[in-house]
Structure formats: structure tokens, C-alpha cells
Amino acid sequence: QIDLMKKEFYLDDTFEEMRGITIQEAIKIGTASGNYREVMDRILEKFNNYKRGKDFVLIGGNHVTHSGRRLCVEFASTVSAPIVLVGDAQPRGATVRTTARKTEVTSDDVGKAVLNLWQSHKAVEDAGGNVEGAIVVNIPGSLAEQVKAGLSKHGITPIAVTPSDPLLESSTVEELARKMGASIVCNAEAASRIEVHTVKVGTMVVKDLLESISNSGKCLILVSVRRWDTVLSLVAAATSVGGPDISAVLLTGASHVDEGLIKLLAGMNMPFPVLLHPGQAFDCCANIATMKTSMSHASTAKVACAANLMRSHINPDFLAKLIIEGGEMPVQEFLPPKLFQYNIFQEATALQKHIVLPEGSDRRVIVAAGELMRRRICKLTILGNADDIAKLAKEENIDLSQANIINYLTSPLIPRFVESIVKLRAKKGVTEMQAKKMLEDVSTFGTMLVSEGICDGMVSGAAHSTASTMRPAMQLIPRLPGCKVVSSIFFMLLPTGVRLFGDCAINVEPDAQQLGEIAAASVQTAKQFGIQPRVAMLSYATGDSNKGPLIEKVTAATKIAAGIIPNLVGGDVPLDGPIQFDAAVDPEVASKKIKDPTNKVAGRASVLIFPDLNTGNNTYKAVQQASKCIAMGPIMQGLVRPVNDLSRGCTVDDIINTVAITCLQSK
């Protein structure tokens, strides 16, 4: 649990700093001292050391034993921490074996779960603890109201009542290998993301084995190390169109495999990992059948699934009380990067917008699409050849069954789009033949899906230049009212907070009017994403400390922005320029260069506008490389519907982040 929390929330604390005390340690200390007061003192010491500088600490307790419950309740009371009880309609937990033949949760099971929680609630309150409410898991939707009514009857607030999910009851190949002591001899990099739902022993002839697994999803197959003919047959079957869904093959009965055979498999573009264990198949199968499932940071699909279950079923009143406690949350001067990312994905998931990804032939795009689907962040349309996309998805063990796949070269939408392009480009004299030729470009087709309102936004550029991505958008999607300039910003997720850098991707040498409009559009974007805009119009001089054409341009742009912003966002926004970068972001430097105590931008700028593309592009890259921060962008501004460009060196995470941002822009 500690390792999962540490990695999932990017905590810099060490394992020992985050760990309280184990039951074994508590028993040892308590036995030596004659009472458990010393145990409590040890826990409080660790807690007080850990909480320094923290806004919030989540405490994981254990009440399996009477003494463990007593210790947890006393500690919670000592630090004034409310207690949340957790109940399970299937208290024995899930195993790989039970996943295939799961027992239905009945009304009696629900009654027992509620009764157990009531008994725990009474014991905790008798010991002086403050129970905030209860979370109950593995409850079928049809019985959820029974659980809530039962809890309420006993004076327990239902915080969340969540159903079960097959994904949470599965294990990854890597988890199974680690728990049973098997080695991964081939395709180890895929083992952490491939789930196992069923197990088969491959003792039969190949034909019968293939028939037996044809309807078994996410199957781990146990094969004797001597049956290499079976392994090769399974590889061939898994790579064929419509082949079985094989998660991994576990070779049994040996501690090592011939190196030549491993090289043979490595050269076959393996669709699944191969494991090795010295035990016999029966012993391995028995071991797996009793193995409890778990969740690690590497199990991204499980983590996303658990988060979605809680987000969908948590009591909003409890959440509001937990965060706000009767008042409005204070507005933070700089939004923390993790909170910024969390907010984006939470809102994107709630909006369920429809985004088109034109580059279906790019492996990174397919992997990102799979992750977006698993996390249910948005609806997706992917452009490209359906067979090629399916092949890539299978190689990456990705489920794209919920995505819409369109072959843009043969789509029945082409005549409709041709007609629309002729109308949109009438002033340029574009003919039907020219429009049809334009639609042979995947970026143009994707842009038309957005222009026609079929999709809410587009993300492209992993395999195309910025010009290829943005030219169709600027030709076919109208500008926002009052906005003549299409520009870009980057969200710079710096350790000190999120800042916006603009324009770092589109306008090479904007004049004063354009620069003022870029600043105004950036203010609008900042507000849209929950960032307090304090705008710095950057130059090589601060105030009137120097003269020159560029300084004059920035000075004029500042005045233009000051005239546009109030009408655009409905109020005044702190704005200053010309100002140097260090004076804009460093309070100490600002205090020396700017003597006006009423200046709200100096040292506190959250939106930084660069005078030209050369300065902006190089600065964002320099800051990103020097600080190793995440730079989310470029994010386009000024279009009625969002189209966003990716770097050709983008990562899967870059694509996912940009899609989430595009969802918010399209609301």
C-alpha cells in the first residue's frame, strides 16, 4: 500500500518515513515495556515527524485483532483524525481461481457486511473514536440501496457503496510471477500491464487446447518446458487475426531454458510474456488458485478502475465536507502541479467529450488511446486502416473495442465534407475536385470531423509537423468572436506551481496588436483551467530602464491587452510590461527592480507572454530541461473548436495529457 501511494501520488518521502509500525513490532515493543504506551509514543513520534509541511495525511489502520483496533482508535483520537470504516461483501478477497467462477453476492451477504460494520462502529465509538462513515465494496448495484439503508439505520453515514469489477479481481502477469517465484524469460516489459483472468493447464493436444481457450479471455497457460511445440503453436495462434486472448505462458518443470530457444522467441515479436518455474504444473496451478490479488503502481488499469469506481459512487456531501469543512476553499496563488493534473482528468472524465486522433498508424497514439479508454476519460475516434490499427492494438494488448475507427480514404462522410469545404473556402475558389484532394490528408479529414461537430476536438502531430496539423484547422474552423490570432500556450508544471508560457509554437514575430491578443487569449485559458492570471509581458528590460523597438512593441502590446482583457473575461486582471523574466517570477529580484508595492505581477506572474517565437520556444525548452518539469502543450487558443498539436517526439503521457486538456477546451 505504501509503495502504491508513494508512486501514484509522486511522494518524495522514503518508505520508512511513511511507515508507522507493524503488528509484530508493536507486540515486541509492548512485551518488552510491559504496556503499549511506548508503542503509541513510537507511532506518534513517526507521525509528527512525517506531518511536518503536509496539508493532509491519510492514515492506514489495522483492526484485524482486538489490540490492533484499540491501538488504531486511540491513535486516531489522539491526532483528532476521523475514522472511515471499510466493509467487504466478499471478505475472503478474490483469487485468480474465483474470478472465473465468482459466487454472486446475496442479500444475506449484504446483511452480514452491514452487521459487521455496525459492530465495528460500536466498538470504535465505545473506545472513544469518531466514525465519519463507511465504505462498502463488492456490492451489486441492485443491493446498493439496501446497504445504504442498513448503514443509515445504525447511524453510519454511507460514504461510498461500490460494485465489484473483474479487473480488480485479476492479477498482472508480473504480479503472479513475483508471488510464485517464477522468472520472466521473454517479453518482460509487457508483464506489468497484461492482466490474467483465467488459468489453463496445457496438457492436451494443441488442437484441443486451442479450442478450450477460444472463449477464455486473458488466459495464462501452463505448459511443460518440454512442450516447445505447444508454445510455438500458441504464439502463432495469438498473432493470427481473431486468435485467442493469451496473457502469458508459464513453462513448468525446469529452472532454466535453452538460450537458443529464448533467442528464437525474442525474434518472433512475442504477443505475450513467457514465464519459467521449476515446479510441476499441478503445484503451480494450486499455488495460483490460492493467490490473493493485489494492486501496484504498475497496474495502471487497476488504479484507474478503482479511482473510477470511487469517483462514480462516493457521497458528494462527504467529499465536500472533507475538503471544505463548511467554508470556501482558499484560492491558491499557484496551482500545485499534481492538483492541476488531477483536476484536468476529473473534469475531462465528467465531460465525456469526443476526441479524434488522426494518427492511427502511430504506436504511441494506439497505446495512449488504450489508456484513455481504460480510464474512461473520453470517447475516441481513430483514423486509419482498421486492420492495421487492430494489429497494433493486439501487439500492445490494448482493447479498442469502444473506440470508433474510420478509414478516412473510404469514409462515406467524404461527399458531405467536400460540400462543406467548398462552402468554407468559397472565397479562395476551392473546387469539389480540390476539396476531395484535400481530404486525402488525414489532418484535413480529422479537422472536418471537428468542424462538422461530429467530434469535439482533435489531437495530432505525433507523426506530422505543426504546419500539417494546424493549417487545415486555421482554414476550416472559425475563430472565436473578437479573436483574429490563433496562438499557443504551454502549461509549465513547475515545482513551485503551474505557469502558462505563450506563444511558444505558432506566431513567429507578432506585432503589438497580435501580442496583446495573445495575452488576452492566454488569460482566458488560465481562467478556464482554474489558474489565477497575473500577466507578465516579457522583454529584455523592465519598465523604462531601456529603449528599443522591441521594448516599444511590448509596451504597446501591454496597453492593447489591458483594453481587451476586461471585456473578454469580465473583470480586471493584474498585468505588467515590459518586464524581465526574473523580475516576473522571483519575488526577491522583483523587490529590487520594481519599487511599486501595489504591483501584483512582480515576482508572482502566472502567465508569461514572450515577445516572439524565438524567445518563447527556446525559453520553454530551457526551463523544461533545467527543471525536468512537465510541459503540457502546445495548447492552441483562438479557435471555436479545439485542435491541438503534439511534438513529434511526444510520449504516450504527452498524448493523454493533451487529449484531457482538449476535452476541457471543448466544453
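The rules behind these values
- Residues numbered from 1 in each chain as written.
- Predicted model: local features only at pLDDT ≥ 70, side-chain atom pairs only at ≥ 80, totals over all residues.
- Heavy atoms only, no water.
- Helix = DSSP H or I, 4+ residues; strand = E, 2+ residues; numbered from the N terminus.
- Buried < 20%, exposed > 50% of the residue type's maximum accessible area, 1.4 Å probe, protein only.
- Contact = heavy atoms within 4.5 Å.
- Lys, Arg positive; Asp, Glu negative; His and termini not counted.
- Charge placed at Lys NZ, Arg CZ, Asp CG, Glu CD.
- Pairing = 2+ DSSP bridges.
- Axes fitted to C-alpha atoms, helices over the stretch in contact; angles between N-to-C directions.
- pLDDT = per-residue confidence, 0-100.
- Expected span 1.5 Å × (residues − 1).
- Arc of directions from axis to C-beta.
- Polar contact = N/O pair within 3.5 Å; in protein donor to acceptor, adjacent residues only side chain to side chain.
- Salt bridge = Lys/Arg side-chain N within 4 Å of Asp/Glu carboxyl O.
- Patch = residues over 30% accessible without salt bridge, like charges linked within 9 Å, V, L, I, M, F, W, Y side chains within 5 Å.
- Areas by Shrake-Rupley, 256 points an atom, 1.4 Å probe, with all protein chains shown as cover.
- Core = buried A, V, L, I, M, F, W, Y, C linked by side-chain atoms within 4.5 Å.

What about the overall build of the chain?
Move 1: The helix and strand tally for the chain stands at 28 helices and 21 strands.
Move 2: On the principal axes, the C-alpha backbone points of the chain span a range of 80 × 65 × 50 Å.
Move 3: By residue count, 47% of the 667 residues in the chain fall in the buried class.
Move 4: Restricting the contact set of the chain to residue pairs at least 6 apart, pairs at least 24 apart contribute 73%.
Move 5: Across the chain, the 69 positively charged side chains and the 68 negatively charged ones have centroids separated by 1 Å.

So, the sheet that holds strand S9 (residues 246-252)
Move 1: The strand order across the open sheet built from 5 strands is S5-S10-S9-S8-S7, with neighbouring strands paired in mixed fashion. Across the chains shown, the open sheet's two edge strands, defined by having one partner strand only, are strand S5 (183-186) and strand S7 (198-201). Ignoring which end each strand starts from, the neighbouring axes of this sheet average 30° apart.
Move 2: Note that strand S8 (residues 219-224) and S9 share 6 bridges and pair parallel.

A look at the confidence of the model for the chain
Move 1: Of the residues in the chain, 92% reach a pLDDT of 70 or more, and the chain-wide mean stands at 84.
Move 2: Across residues 93-102, confidence stays below pLDDT 50; counting only partners more than four residues off in sequence or on other chains, it has 26 contacts.
Move 3: Note on residues 325-332: pLDDT under 50 across the span, and 6 contacts to partners over four residues away in sequence or across chains.

Thoughts on helix H7 (residues 107-126)
Move 1: Between its terminal C-alpha atoms H7 stretches 29 Å, which fits the 28 Å expected from 20 residues at 1.5 Å a residue.
Move 2: Along H7, the residues that are buried comprise Val-110, Ala-113, Val-114, Leu-117, Ser-120, His-121 and Val-124. Each buried residue of H7 lies within a common arc of 125° when the element is viewed along its axis, so the set occupies one face. In H7, those exposed residues whose orientation departs by more than 90 degrees from the buried face are Asp-108, Lys-112 and Asp-126.

Regarding the side chain of Ser-522
Move 1: On the secondary structure map, Ser-522 appears in helix H23 (residues 512-528).
Move 2: With relative accessibility at 0%, the residue Ser-522 sits in the buried group.
Move 3: Within the structure, the side chain of Ser-522 is placed 3.4 Å from the side chain of Gln-637, a separation counted as a polar contact.
Move 4: When sequence neighbours within four positions are dropped, the list of residues in contact with Ser-522 reads Ile-489, Leu-500, Val-607, Ile-609 and Gln-637.

Here we look at helix H24 (residues 549-569)
Residues separated by three or four positions in an α-helix point in the same direction, a consequence of the helix having 3.6 residues per turn.
Move 1: With 21 residues, H24 ought to run about 30 Å at 1.5 Å a step, and its terminal C-alpha atoms sit 30 Å apart, in line with that.
Move 2: The complete set of buried residues in H24 reads Ile-551, Lys-553, Val-554, Ala-557, Thr-558, Ala-561 and Ile-565.
Move 3: Where H24 is buried, its residues meet H23, strand S17 (535-538) and strand S18 (575-579).
Move 4: Looking at the residues trailing H24, positive phi occurs at Gly-570, about 75°.

Quick word on the pattern of salt bridges
Move 1: Here the structure, examined in full by the defined rule, presents 18 salt bridges.
Move 2: Residues Lys-207 and Glu-211 are paired through a salt bridge, measuring 3.1 Å at the closest nitrogen-oxygen approach. With a gap of 4 residues between them, Lys-207 and Glu-211 both fall in helix H10 (residues 206-213), about one helical turn apart.
Move 3: Taking relative accessible area as the criterion, Lys-207 reaches 57% and is therefore assigned exposed.
Move 4: The exposure class of Glu-211 is partly exposed, given its relative accessible area of 48%.
Move 5: In this structure, the salt-bridge partner of Asp-245 is Lys-218, at a minimum N-O distance of 4.0 Å. Of this pair, Asp-245 sits in the loop between helix H11 (228-239) and S9 while Lys-218 sits in the loop between H10 and S8; the two residues are 27 residues apart in sequence, bridging distant segments of the chain.
Move 6: Residues joined by salt bridges that share partners form a network here, namely Arg-363, Lys-391, Glu-395 and Glu-396.

As for the sheet that holds strand S20 (residues 630-637)
Move 1: Pairing is mixed across the open sheet formed by 6 strands, whose spatial order is S18-S17-S19-S16-S15-S20. Each having just a single partner strand, S18 and S20 make up the two edges of the open sheet. Across this sheet, the average inter-strand angle for adjacent strands is 20°, counted without regard to direction.
Move 2: Across 6 bridges, strand S15 (residues 487-494) lies against S20 in antiparallel orientation. Each bridged residue has a counterpart across the sheet, and for Ser-487 the counterpart in S20 is Gln-637.
Move 3: Against the sheet, helix H27 (residues 613-627) engages S15, strand S16 (497-502) and S20, with an angle of about 15° to S15.

Focus: a nonpolar patch on the surface
Move 1: Taken together, the side chains of Met-5, Phe-9, Phe-56 and Leu-58 present a nonpolar region at the surface, about 460 Å² in accessible area.
Move 2: Along the chain, Phe-9 falls in the loop between helix H1 (2-8) and helix H2 (15-18).

Focus: the environment of Pro-415
Move 1: Tracing the chain through its elements places Pro-415 in helix H19 (residues 414-424).
Move 2: Pro-415 sits in the exposed class, given a relative accessible area of 56%.
Move 3: Taking C-alpha positions, Pro-415 is 9.2 Å from Glu-432, a pair spaced 17 residues apart along the chain.

Some thoughts on the nonpolar core
One recurring pattern in soluble globular proteins: nonpolar side chains tend to sit buried together.
Move 1: Formed by 60 residues in total, the largest nonpolar core has its most connected members in Phe-340, Leu-380, Leu-400, Phe-491 and Val-659.
Move 2: In this structure Leu-380 touches His-354, Ile-355, Leu-357, Ala-369, Leu-372, Met-373, Ala-403 and Asn-404, once residues within four positions along its chain are discounted.
Move 3: Formed by 28 residues, the second largest nonpolar core is a distinct cluster that contains Leu-383, Ile-406, Ile-414 and Cys-455.

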